[in-house]
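Structural characterization, general
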Amino acid sequence: MRIINFDEKSREMVLKIEDEDDLWLLHNIIDRDDEVYARTTREINMGNKSVRKSMYIGIKVNKVEFQPFTNRLRIHGTIIYHPEKYEEYGFLGSHHTINVKVSDEIKIKKSKWQKYIINQIERSCGKSEKVLIISIDDEEVAAGILRSYGLEIIFEMQLKIPGKREAEAREEKVDKELREISKKVMEIIERRDIEILVISGISYMREKLTEKILEDIKGLKKKPKIISEDTSNGGVRGLYETIKRESITKALEKIKMIEDNKIMGEYLQILIKEPSMAIYGLNDVYNASKIGIIKTLLILNRKLKTYDEEREKLEEVIGNVEKYNGEIRIISDESEAGRELNSIGGIAAILRYKMETPLKNVNTNIKS
């Protein structure tokens, strides 16, 4: 994401979309009744035919839709601005959908830009590293790309490798499977412009695959950094095991999903070891926010897309946390951290110090 211009007086921000993860961020920060302006296409009836014309249109937002891992963001609303030359077509007040893609520029106007939203945008500025993880054992292999909001599974394969008693047939089959896997990996590296490749899994298969990839990667113009990590599983389970390993979290600490997993892990540890310093549920979080003792607020992103009394209370919580300089983290419901947060109601907080009256019904049996 790149901020092209931010006018605090008019409350307008112009943004350049630089990668797919920016679309997920826009989905979270664009709200109902915001104004969004962008170049789009609109169908015009011209006598006995209709044509689509490219034009700059502004809409008042009604709904925002994002489909994870498809790179599609759709902003629905009613037209509040269009070029004067199209005035005869009566577009004003009619429904329109702006489809946003990478490389687009959009202008967003809000009634108020909250500090946590600006912080999220600023944090996303600059190119993020593209990471591919592949995890393998004797039975399966899977590859996934780390996105800011989750792990995109690229492929899964079952490996039908003969037992160790059939040594010759086993080696032949392993070699054949590794050649196929490495070929897939090379294609992904080039097509997705991968900068870091993490190879994980049980020792023997991981080492053999690493050797094959190192051999094939010599033919690439742009070579990614390679990290190797031993895990007890391969396949999709191995991918999720990999991103929890301390060595990987340190190497990839600037990637949002890794940051989210880390902060959620810290929260769960505090909840288990010192439950009076970690709370969850809107009511308890609301009460803590009013007295300014929230150090870190964790909110599931889908909570920001509700429009009811709960949302009003949540907005007040966010305002209180900002007032007392607490940190606000928006956690994707597509990530493992998001699934853990969802299991406790979608909102939680780490406190600066204990509340005077201990909160009741805190469940300390949650596993980290």
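Residues numbered from 1 in each chain as written. Predicted model: local features only at pLDDT ≥ 70, side-chain atom pairs only at ≥ 80, totals over all residues. Heavy atoms only, no water.

1. So, the confidence of the model for the protein
Residue-level pLDDT values for the protein average 90, and 96% of them are 70 or greater. Mean pLDDT across the elements of the protein bottoms out in helix H6 (residues 246-251) (86) and peaks in strand S16 (residues 347-351) (98). Counting contacts from residues 358-368, a segment whose pLDDT is below 50, to residues more than four positions away or on other chains yields 20 contacts. (pLDDT = per-residue confidence, 0-100. Helix = DSSP H or I, 4+ residues; strand = E, 2+ residues; numbered from the N terminus. Contact = heavy atoms within 4.5 Å.)

2. A closer look at the nonpolar core
The biggest cluster of nonpolar side chains holds 53 residues, and the ones touching the most others in it are Leu26, Ile30, Ile75, Val100, Ile108, Ile121 and Leu297. The leading source of residues in this core is strand S4 (residues 49-67), at 6 residues. Once residues within four sequence positions are removed from consideration, isoleucine 75 is found in contact with Ile30, Val36, Ile59, Val61, Lys63, Val64, His96, Thr97, Ile98 and Val100. The next biggest cluster of nonpolar side chains, apart from the first, holds 25 residues, and it includes Ile136, Ala143, Leu159 and Ile217. (Core = buried A, V, L, I, M, F, W, Y, C linked by side-chain atoms within 4.5 Å. Buried < 20%, exposed > 50% of the residue type's maximum accessible area, 1.4 Å probe, protein only.)

3. A few points about the sheet that holds strand S9 (residues 140-147)
Pairing is mixed across the open sheet formed by 5 strands, whose spatial order is S10-S9-S8-S11-S12. This sheet does not close on itself; its edge strands, each paired only once, are strand S10 (150-158) and strand S12 (225-230). Between one strand axis and the next, the sheet turns by 20 degrees as a mean value, whatever way the strands run. Note that S9 and S10 share 8 bridges and pair antiparallel. Bridging across to S10, leucine 146 finds its partner in leucine 151. (Pairing = 2+ DSSP bridges. Axes fitted to C-alpha atoms, helices over the stretch in contact; angles between N-to-C directions.)

4. Quick look at the environment of leucine 239
Looking at the secondary structure, you find leucine 239 in helix H5 (residues 235-242). Leucine 239 sits in the buried class, given a relative accessible area of 0%. The spatial distance from the C-alpha of leucine 239 to the C-alpha of isoleucine 136 is 9.0 Å, given a sequence separation of 103 residues. Excluding residues that lie within four positions of it along the chain, leucine 239 makes contacts with Ile133, Ile134, Ser135, Ala142, Ala143, Gly144, Leu151 and Ile153.

5. Looking at the pattern of salt bridges
Here the structure, examined in full by the defined rule, presents 29 salt bridges. As a salt-bridge pair, glutamate 18 and arginine 2 come within 3.4 Å of each other at their nearest N and O atoms. You can see glutamate 18 sitting in the loop between strand S2 (12-16) and helix H1 (20-29) and its partner arginine 2 sitting in strand S1 (residues 2-7), a full 16 residues away along the chain. Judged by its relative accessible area of 36%, glutamate 18 is partly exposed. Between lysine 101 and aspartate 104 there is a salt bridge, with its nearest N and O atoms 3.2 Å apart. Residue lysine 101 is classed as partly exposed on the basis of its relative accessible area of 49%. On the basis of relative accessibility, which here comes to 15%, the residue aspartate 104 falls in the buried class. Sharing partners across several salt bridges, the network here consists of Lys256, Glu259, Asp260, Glu327 and Arg329. (Salt bridge = Lys/Arg side-chain N within 4 Å of Asp/Glu carboxyl O.)

6. Re the sheet that holds strand S14 (residues 294-300)
Pairing within the open sheet is mixed, and its 4 strands lie in the order S13-S16-S14-S15. The two strands at the open ends of the sheet, each matched to only one other strand, are strand S13 (278-280) and strand S15 (327-331). When the angles between neighbouring strand axes are averaged without regard to direction, this sheet yields 15 degrees. Of the pairings in the sheet, the one linking S13 to S16 comprises 3 bridges and is antiparallel in character. When the bridges of S16 are listed, alanine 278 appears paired with isoleucine 350.

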